[in-house]
Amino acid sequence: MIRSRDNIPNLLSLSRIALSLSIFLVAHKSMLLFWIIVACGITDALDGFLARRMHCESNIGARLDSLGDLVFFSALVFYVVRYRMDVIQQYMLGVYAIFFIKTISLVICTIKNHTTYSLHTFGNKLTGVLVVVAICLIILTGEGTFTAVLVVVGILSALEELLIMSLQEHPDINTRSIFQMRERKS
């Protein structure tokens, strides 16, 4: 029996998708944009946490969370490229390196597991938080100096995920780090 409270995590993921799409409607309204990005970040942190706490984890919930992450972080990238490229231009080589490494990880995952997913490592979670913080700082200050920290952490996190995807036969989506790898049960 599904209780209505069991839908809360999924509703948070769906709200992140809707809010992410609204980023471009408010791109020139700095404070509104800032709060939308903060709200998206909060829903990103809460959906999985609440699903685990409320014992209502599901395949659809995991997929909605991943879709929400993809839409949110894609919207952030498109926003920065479209409106704030001048601020991050000097960090683009590192950003390209992250996308290249992540793409290789996804290709390896798809070939080995016949499905595509990203891992919920501490490094990936930290990178997600730093993306939100870096973009919020860019919006508030007009400077991208924090972006260097983000790029370094992002590269290390992407390399960790690549190693896990390469070394494990069937990596568990909830593997927290290279030091805590475990085989996923089929």
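Residues numbered from 1 in each chain as written. Predicted model: local features only at pLDDT ≥ 70, side-chain atom pairs only at ≥ 80, totals over all residues. Heavy atoms only, no water.

Chemist: Just to check I follow, could you spell out the nonpolar core for this structure?
Modeler: It is characteristic of soluble globular proteins that their nonpolar side chains tend to be buried jointly. One finds Ile23, Ile37, Tyr79 and Ile135 to be the most contacted residues of the largest nonpolar core, which totals 26 residues. For this core, the secondary-structure elements that each account for two or more residues are helix 2 (30-53), helix 3 (59-83), helix 4 (85-88), helix 6 (122-141) and helix 7 (147-167). When residues of this core are assigned to their parent elements, the largest contribution, 8 residues, is made by helix 6. Not counting chain neighbours up to four residues away, the residues in contact with Tyr79 comprise Ile23, Phe24, Ala27, Leu33, Arg84, Ile135 and Ile139. Counting 5 residues, the second largest nonpolar core, distinct from the first, contains Cys109, Tyr117, Leu119 and Met165. (Core = buried A, V, L, I, M, F, W, Y, C linked by side-chain atoms within 4.5 Å. Buried < 20%, exposed > 50% of the residue type's maximum accessible area, 1.4 Å probe, protein only. Helix = DSSP H or I, 4+ residues; strand = E, 2+ residues; numbered from the N terminus. Contact = heavy atoms within 4.5 Å.)

Chemist: Explain helix 2 to me, please; I cannot follow it from the model alone.
Modeler: What sets the pattern is the α-helix's 3.6 residues per turn: residues three or four places apart point alike. Helix length check: helix 2, at 24 residues, gives a terminal C-alpha distance of 34 Å against a target of 34 Å (1.5 Å per residue), a fit within 8%. At Leu46, helix 2 shows its largest bend, some 25°. Check the buried side of helix 2 and you find it contacts helix 1 (8-22), helix 3 and helix 6. Remark: His55 follows helix 2 within two positions and exhibits a positive phi of approximately 55°. (Expected span 1.5 Å × (residues − 1). Bend = angle between axes of the 7 residues up to and from the residue.)

Chemist: Can you help me understand the pattern of salt bridges in this one?
Modeler: Side-chain pairs of opposite charge can arise whenever the charged atoms involved come near each other. Taken as a whole and assessed by the stated rule, the structure comprises 5 salt bridges. Residues Asp44 and Arg16 are paired through a salt bridge, measuring 3.9 Å at the closest nitrogen-oxygen approach. With a gap of 28 residues between them, Asp44 in helix 2 and Arg16 in helix 1 connect regions that are remote in the sequence. Across the pair Arg16 and Asp47 runs a salt bridge, and its minimum N-O distance is 3.0 Å. Of this pair, Arg16 sits in helix 1 while Asp47 sits in helix 2; the two residues are 31 residues apart in sequence, bridging distant segments of the chain. Relative accessible area serves as the criterion here: at 0%, Arg16 is assigned to the buried category. One network of salt bridges, with partners in common, ties together Arg16, Asp44, Asp47, Asp65 and Asp69. (Salt bridge = Lys/Arg side-chain N within 4 Å of Asp/Glu carboxyl O.)

Chemist: Just checking my understanding: could you explain the environment of Ser20 for this structure?
Modeler: If you trace the backbone, Ser20 turns up in helix 1. With 38 residues separating them along the chain, Ser20 and Ser58 place their C-alpha atoms 23 Å apart. Apart from the residues lying within four places of it in its own chain, the contact partners of Ser20 are Cys40, Val71, Phe72 and Ala75. From its side chain, Ser20 meets the backbone oxygen of Arg16 in a polar contact 2.6 Å long. (Polar contact = N/O pair within 3.5 Å; in protein donor to acceptor, adjacent residues only side chain to side chain.)

Chemist: Looking at this model, I keep getting lost on the environment of Asp6. Mind explaining?
Modeler: Mapped onto the elements of the fold, Asp6 is located in the segment before helix 1. Sequence separation between Asp6 and Glu57 is 51 residues; the distance between their C-alpha atoms is 8.5 Å.

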